[in-house]
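# Architecture and fold: a report
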Amino acid sequence: MGAPEIRRVGVVGLGAMGAGIAQLAVEAGYETVGREVSDELGGKAYDRIAHFLQRKVDKGQMAAGERESALALLATTTDVSDLARCDLVIEAIVEDLDAKLELFRELESIVRPDAILATNTSALSVTEIAAAVSTPERVVGMHFFNPAPLMPLVEIVRAERSSDDAVEAAFEVGSRMGKKPIRCHDTPGFVVNRVLIPLLNDCLRVLDEARVTPEDLDTAMTAGAGWPMGPCTLVDLVGIDVHVHASEALYEKLREPRMAPPPRIVAMKNAGLLGRKSGRGFYTYE
Ligand code: 3HC
């Protein structure tokens, strides 16, 4: 399969990650269609992107005309069939394997046979997602980091049957988005989460072991280990539910005790304390 030239990008799921990816796509000059389940959520994502682009204009990082041009490239829809003309579709929906399998099957029936299908999954297997479609060679992982517009890395994940063309096309898109792409194989957690998830879980266990407050733990890791933000702030940013899910998925595959989510954050997730997005996690947000 020869990979197509990428001109139109689809993003499915416009939560914090999907909206960030759509922002990167329009900033890179791609015509972009973002799909959400309701007009309200699509509108929210559009407003979020418009807001962050305005902040760039305010800070002299972007000209007002460039913002207008970028926003003119962005359309939102609730209809997956509006992605039919996309050369690359990046999935950023809920971390649920069945939901992703169903979406990939639907996408395969809609897009051209040579269009590339990418998943932004944090901890699920790209190979398992690719197995949902009859053309798994066009499926790759494009794993962005939160907040996607600010974090330079994107992991380009080769699944068992990904073609070289699909991997290289995704790598090119990552580069054009201004990211630092790396190539890796489809192993649990890929590169960063394989290291970061158990490390964050260790940090959260230290909360109880050393009886420190979240504030002091964050100070310890920023002031003593040079982290840009402390572990409690970071888990609140990523989302307690997302972190618990990624931990469970890695624990299921690797059976390393450090991968398992500490009971404290499982309880937070069950109580609806999901971090920034819910207004409360380790900290309280406006
Ligand atoms: N989307 C778009 N733009 C954003 C944004 C977002 N979510 N958040 C902030 N911005 C923009 C804002 O306009 C902001 O400027 P403003 O406040 O003046 O409006 C601008 O970016 C700069 O923001 P900050 O001043 O907050 O930037 P900092 O210099 O403080 O850096 C940071 C922020 C890059 C997030 C830094 O703190 C950092 O590197 N933190 C670590 C984050 C990290 O480790 N992420 C990885 C998480 S793991 C993951 O994602 C994997 C997944 O699978 C779970």
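For the structure, see preceding data.
Residues numbered from 1 in each chain as written. Predicted model: local features only at pLDDT ≥ 70, side-chain atom pairs only at ≥ 80, totals over all residues. Heavy atoms only, no water.

## Regarding the pairing of strand β1 (residues 8–12)
Here is the rule we go by: The buried label applies to any residue whose accessible area, calculated with a 1.4 Å probe on protein chains only, is under 20% of its type's maximum; exposed applies above 50%, and partly exposed to all values in between. Strands are runs of DSSP state E lasting at least 2 residues, helices are runs of H or I lasting at least 4, and numbering of each runs from the N terminus. Any two strands between which DSSP finds at least two bridges are classified as paired. We call a crossover right-handed when, viewed with the strands running away from us, the connection from the first strand over the helix to the second turns clockwise.
Of all five residues making up β1, four are buried, and the element is well covered by its neighbours. The pairing of β1 with strand β2 (residues 31–35) spans five bridges and is parallel. Each residue of the ladder has a partner; that of Val12, found in β2, is Arg35. Considered for its hand, the β-α-β crossover made up of β1, helix α1 (residues 16–27) and β2 is right-handed. The pairing of β1 with strand β4 (residues 88–91) spans four bridges and is parallel. Its bridge partner lying in β4, Val11 is registered against Ile90.

## Points about the state of the cysteines
Here is the rule we go by: Cysteine sulfur atoms are paired as a disulfide whenever they come within 2.5 Å of each other.
For the structure on display, the rule yields zero disulfides. Cys203 provides the cysteine sulfur closest to Cys232, a residue in no disulfide bond, and the two sulfurs are 7.9 Å apart.

## Quick look at the side chain of Thr121
Selection rule: Any pair of N or O atoms that falls within 3.5 Å is considered a polar contact. Within protein, one atom must be able to donate a hydrogen and the other to accept it, and sequence-neighbouring residues count only if both atoms are side-chain atoms. Should any heavy atoms of two residues lie within 4.5 Å, those residues are considered in contact.
One can find Thr121 in the loop between β5 (116–119) and α5 (126–130). There is a polar contact of 3.0 Å between the side chain of Thr121 and the side chain of Glu95. Of the polar contacts made by the side chain of Thr121, one reaches the backbone nitrogen of Leu124; its length is 3.0 Å. Those residues in contact with Thr121 that sit more than four places away from it in its chain are Glu95, Lys100, Val126, Ile129, His143 and Phe190.

## With respect to the packing of aromatic side chains
For clarity, the threshold we go by: In this scheme Phe, Tyr and Trp rings, the latter by its six-membered ring, pair at centre separations within 6.5 Å, and the angle between planes marks the pair as stacked below 30 degrees, edge-to-face above 60, and tilted otherwise. The rule is short: NZ of Lys or CZ of Arg within 6 Å of the ring centre and within 35 degrees of the ring normal puts a charge over the ring.
This structure, assessed with the given rule, holds zero aromatic pairs. The aromatic ring of Tyr30 is capped on one face by Arg176, whose charged end is 3.9 Å from the ring centroid. In this arrangement the basic side chain of Arg255 is found over the ring face of Tyr251, its NZ or CZ atom lying 5.1 Å from the centre.

## Things to note about the environment of Val133
By the element assignment, Val133 lies in the loop between α5 and β6 (139–144). Distance from Val133 to Asp87, taken between C-alpha atoms, is 17 Å for residues 46 residues apart in sequence. Setting aside its immediate chain neighbours within four residues, Val133 contacts Phe104, Arg105, Glu108 and Val139.

## Things to note about unusual backbone geometry
Following Asn146, the chain continues into Pro147 via a peptide bond in cis, with omega recorded as -5°. Examined against the element boundaries, Pro147 turns out to sit in the loop between β6 and β7 (153–158). Although it is not a glycine, Arg211 adopts a positive phi angle of roughly 45°. Within the secondary structure, Arg211 is located in the loop between α7 (192–209) and α8 (214–225). On the basis of relative accessibility, which here comes to 76%, the residue Arg211 falls in the exposed class. In the Ramachandran plot, Arg255 falls in the positive-phi region, its phi being about 55° despite a non-glycine side chain. Assignment of secondary structure puts Arg255 in the loop between α10 (240–254) and α11 (263–270). Residue classification places Arg255 among the exposed positions, given a relative accessible area of 54%.

## Topic: the packing of α8 against helix α9 (residues 231–238)
Threshold: Interaxial angles span 0 to 180 degrees and are taken between N-to-C directions of axes, which are lines fitted to C-alpha atoms, for helices over the stretch in contact. Angle categories: roughly parallel below 35 degrees, roughly antiparallel above 145, roughly perpendicular from 65 to 115, and oblique for all the rest. Throughout, the ten residues Ala, Val, Leu, Ile, Met, Phe, Trp, Tyr, Cys and Pro are labelled nonpolar, Asp, Glu, Lys and Arg are labelled charged, and all others, Gly among them, are labelled polar.
The geometry of α8 relative to α9 is characterised by a closest axis approach of 7 Å and an angle of 105° between their N-to-C directions. One finds that α8 runs roughly perpendicular with respect to α9. Seen from α8, the contacting residues are Pro214, Leu217, Asp218 and Met221; seen from α9, they are Pro231, Cys232 and Thr233. A breakdown of the residues in the contact of α8 with α9 according to their chemical character gives five nonpolar, one polar and one charged.

So far we have only geometry, and geometry alone does not tell us how the molecule works.
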